[in-house]
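Topology and contacts: notes
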Amino acid sequence: MSLAYPLLAFLPIILLFVISLWKGVRTGVYASFALTSLLFFFWGNPVVAYLASIFSALLGTINILMIIFGAVFLYQIMEQKGYIKGIKESLAEIHPDKGFRFFFLAFFLTSFFESVSGFGTPLAIVPLLLISIGFSPLLSISTVLLIDGLFSVAGAVGTPIQAGMEIPLGLASGTVNKIYLYATLLLLIAGLVLLYFIIRFYRQETSDQKQGKTGIIMYLSIMLPFFSISYFFKELSGLLASVFMAVFAYVFLFKNKKLLWKPWMPYWVLVGLLLIPKLFTEFADLISYKLEFLSIYGTDISASLQPFKSPLIPFLATALFVLYHSRSFTIDLKPVISKTVIVFLMLFPSLAITQLMINSGNELPSMLTMLANVFSKAGPFYVLVSPYIGILGAFISGSTTVSNIIFGPVQLTSSIQLNLPQDVLLAIQVAGASLGNAVCLFNIIAAAAVTGTKEYGLILKKNILPIMLAALICGLIGYVLI
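Residues numbered from 1 in each chain as written. Predicted model: local features only at pLDDT ≥ 70, side-chain atom pairs only at ≥ 80, totals over all residues. Heavy atoms only, no water.

This next bit is on the overall build of the protein chain. If you tally the helices and strands in the protein chain, you get 21 helices and 2 strands. Here the protein chain has a C-alpha radius of gyration of 22 Å; the compact-globule value for 482 residues is 23 Å, and the two agree. Here the protein chain, with 482 residues, has 57% of them falling under the buried criterion. Per element, the accessible surface of the protein chain, about 19,000 Å² overall, is 68% carbon and sulfur. Here the protein chain contributes 27 positively and 18 negatively charged side chains, and the mean placements of these two sets differ by 9 Å. (Helix = DSSP H or I, 4+ residues; strand = E, 2+ residues; numbered from the N terminus. Rg over C-alpha atoms; globule rule 2.2 N^0.38 Å. Buried < 20%, exposed > 50% of the residue type's maximum accessible area, 1.4 Å probe, protein only. Areas by Shrake-Rupley, 256 points an atom, 1.4 Å probe, with all protein chains shown as cover. Lys, Arg positive; Asp, Glu negative; His and termini not counted. Charge placed at Lys NZ, Arg CZ, Asp CG, Glu CD.)

What follows deals with the environment of phenylalanine 151. For phenylalanine 151, the position within the fold is in helix α7 (residues 137-151). With 97 residues separating them in the primary sequence, phenylalanine 151 and phenylalanine 248 have C-alpha atoms 19 Å apart. Excluding anything up to four places from it in sequence, phenylalanine 151 contacts Ser111, Glu114, Ile222, Met223, Phe226 and Ser434. (Contact = heavy atoms within 4.5 Å.)

Two numbers describe how helix α8 (residues 155-169) lies on helix α19 (residues 422-436): the axes approach to 11 Å, and their chain directions differ by 150°. The way α8 lies across α19 gives a crossing that is right-handed. Contact with α8, carried on its side by Ile161, Met165 and Leu169, involves Leu426, Gln429 and Val430 of α19 and no other residues of that element. Its residues assigned to classes, the contact of α8 with α19 shows 5 nonpolar, 1 polar and no charged. (Axes fitted to C-alpha atoms, helices over the stretch in contact; angles between N-to-C directions. Left-handed = near helix turned anticlockwise from the far one by under 90°. Nonpolar A, V, L, I, M, F, W, Y, C, P; charged D, E, K, R; others polar.)

The biggest cluster of nonpolar side chains holds 148 residues, and the ones touching the most others in it are Phe104, Phe107, Met223 and Tyr267. The dominant element in this core, judged by the number of residues it contributes, is helix α9 (residues 173-206), at 16 residues. Counting residues in hydrophobic clusters, the runner-up holds 6 residues, among them Ala52, Leu59, Ile296 and Ala303. (Core = buried A, V, L, I, M, F, W, Y, C linked by side-chain atoms within 4.5 Å.)

When you line up the elements, alanine 49 lands in helix α3 (residues 47-80). Along the backbone, alanine 49 and serine 403 are 354 residues apart, and their C-alpha atoms lie at a distance of 24 Å. The residues contacting alanine 49, other than those within four sequence positions of it, are Phe40, Thr299 and Ile301.

Our next topic: the packing of aromatic side chains. Per the stated rule, a full pass over the model turns up 32 aromatic pairs. Plain terms: the ring middles of phenylalanine 102 and phenylalanine 135 are 4.7 Å apart, the flat faces sit at 50° to each other, and that makes the pair tilted. One end of the pair, phenylalanine 102, is in helix α5 (residues 98-116); the other, phenylalanine 135, is in the loop between α6 (121-132) and α7, and 33 residues separate them in sequence. For phenylalanine 102, a relative accessible area of 0% translates into the label buried. The interplanar angle of 80° and the centroid separation of 5.3 Å between the aromatic rings of tyrosine 231 and phenylalanine 232 together place this pair among those described as edge-to-face. Among the aromatic residues, ring-to-ring pairing joins Phe100, Phe104, Phe108, Phe112, Phe113, Tyr250, Phe254, Trp261 and Trp264 into one connected group. A cation sits over an aromatic face here: arginine 327 above tyrosine 324, 4.4 Å from the ring centre. Stacked on the ring of phenylalanine 201, the Lys or Arg lysine 462 has its end atom at 3.8 Å from the ring centre. (Phe/Tyr/Trp six-rings, centres within 6.5 Å; stacked < 30°, edge-to-face > 60°. Lys NZ or Arg CZ within 6 Å of the ring centre and 35° of its normal.)

Right, let's get into α19. Since the α-helix advances by 3.6 residues per turn, residues separated by three or four positions end up pointing in the same direction. When the terminal C-alpha atoms of α19 are compared, their 21 Å separation across 15 residues agrees well with the 21 Å that a helix rising 1.5 Å per residue should span. Taking burial as the measure, the 15 residues of α19 include 14 buried ones, the bulk of the element. (Expected span 1.5 Å × (residues − 1).)

All right, on to the side chain of lysine 462 then. Mapped onto the elements of the fold, lysine 462 is located in helix α21 (residues 456-481). One buried charged residue, lysine 462, remains without a salt bridge, the closest side chain of opposite sign being glutamate 205 at 7.0 Å. Setting aside chain neighbours within four positions, we find lysine 462 in contact with Leu138, Ser142, Phe201 and Gln204. (Salt bridge = Lys/Arg side-chain N within 4 Å of Asp/Glu carboxyl O.)

Shape descriptors only; they carry no functional weight alone.
So, in structure tokens, the structure goes:
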């Protein structure tokens with residue numbers, strides 16, 4: 001086989017990287033999709049295999065959009081009915097010490113909103129709240145981005161792993177459990193580096209040397225539960241860990257315990273609805289139902305829809321509760337539809353790139369197999385490179401999920417080629433992709449735009465060193481695990 005083929009297999013990824021940085025993510029994705037389509041036929045594949053791959057990508061996109069639509073729909077209704085504003089007000093006076101409020105609100109609200117809604121929600125809320133209690137946009141945005149990098153692994157009730165790996169890669173439930181366990185272990189340890197920098201940034205701005213202990217307490221009170229329950233609760237682990245931290249802080253640390261609980265009711269309802277199928281095995285068959293499409297167009301390509309495994313129904317039911325409780329049934333669906341369409345326009349070609357690269361193996365090894373062969377030349381040291389691949393994906397795409405969609409198959413194939421544990425390498429990919437959100441230009445620009453600052457370069461400069469060091473630690477820990 002000519003050396004040109006492995007080099008050509010890299011071109012879609014290189015083009016995605018260069019064009020995304022130069023012209024934007026959407027342009028990069030579509031340019032890479034066009035090139036991948038051409039290469040698919042250059043690999044000697046028939047038209048019917050191309051159409052089957054595109055159809056498979058479409059079904060995968062629908063699976064993901066069910067999750068995204070539900071999350072955005074609930075959040076928009078809560079915002080329109082005043083619940084989000086009420087949440088901010090209920091937390092405004094939890095403690096007389098501004099430093100305490102900074103660390104509590106940064107850790108709790110970032111993890112909570114990331115775990116429930118994802119898709120930039122904490123970046124649109126938490127920095128503004130931190131600024132409102134007296135902190136600079138630079139400190140507020142940098143801190144929220146770094147914390148978000150710890151919890152994006154379970155963002156939007158598990159979308160990055162469920163939609164980014166479990167569905168497109170067809171992973172078994174036991175493998176998914178281990179991915180959550182290993183990924184949260186990596187982030188628990190590597191996150192200590194992020195905590196050090198967060199405390200350092202805080203002290204540089206405020207000259208307050210006392211609150212470092214508070215930051216450590218907040219970190220441990222959420223990251224230890226996050227790791228401890230991740231194997232059993234998977235997509236709910238971030239949400240439950242944030243709730244545990246809130247209860248812990250309320251009982252032992254709050255000075256003012258007279259809070260307004262009404263704005264929080266929808267999220268308690270959501271937690272209950274999401275926990276029902278976990279607590280009652282009678283729902284197992286319903287949750288696992290698949291609408292399968294086997295041998296699409298007579299090829300070896302198959303795909304499926306899993307409507308009840310998605311948290312769409314709990315999201316919609318909670319939204320109805322909000323409408324009923326507020327006694328107001330008017331809804332502005334424009335933000336929900338526009339965000340869903342935007343996600344579709346980026347996710348569908350992203351999934352198509354992945355499916356085409358996976359299914360291109362007909363007369364030749366697939367493009368992803370060739371990529372894995374190149375990466376595998378690093379031998380056992382590939383593990384040290386693995387987290388940076390995840391970061392690269394999130395940096396380019398602005399999404400942990402998309403990073404997993406693009407690079408998850410590469411990591412999986414590399415693990416097979418190198419005879420390394422698949423669950424560990426995929427966990428390293430997830431951890432790296434999660435960390436990558438803190439240095440993603442799109443997240444930085446979005447958060448800066450909300451707060452009215454233009455210090456994009458300074459935010460990136462603050463966050464890039466801690467993220468690179470955290471990724472190195474993830475690679476070293478992964479190396480030890482393997």
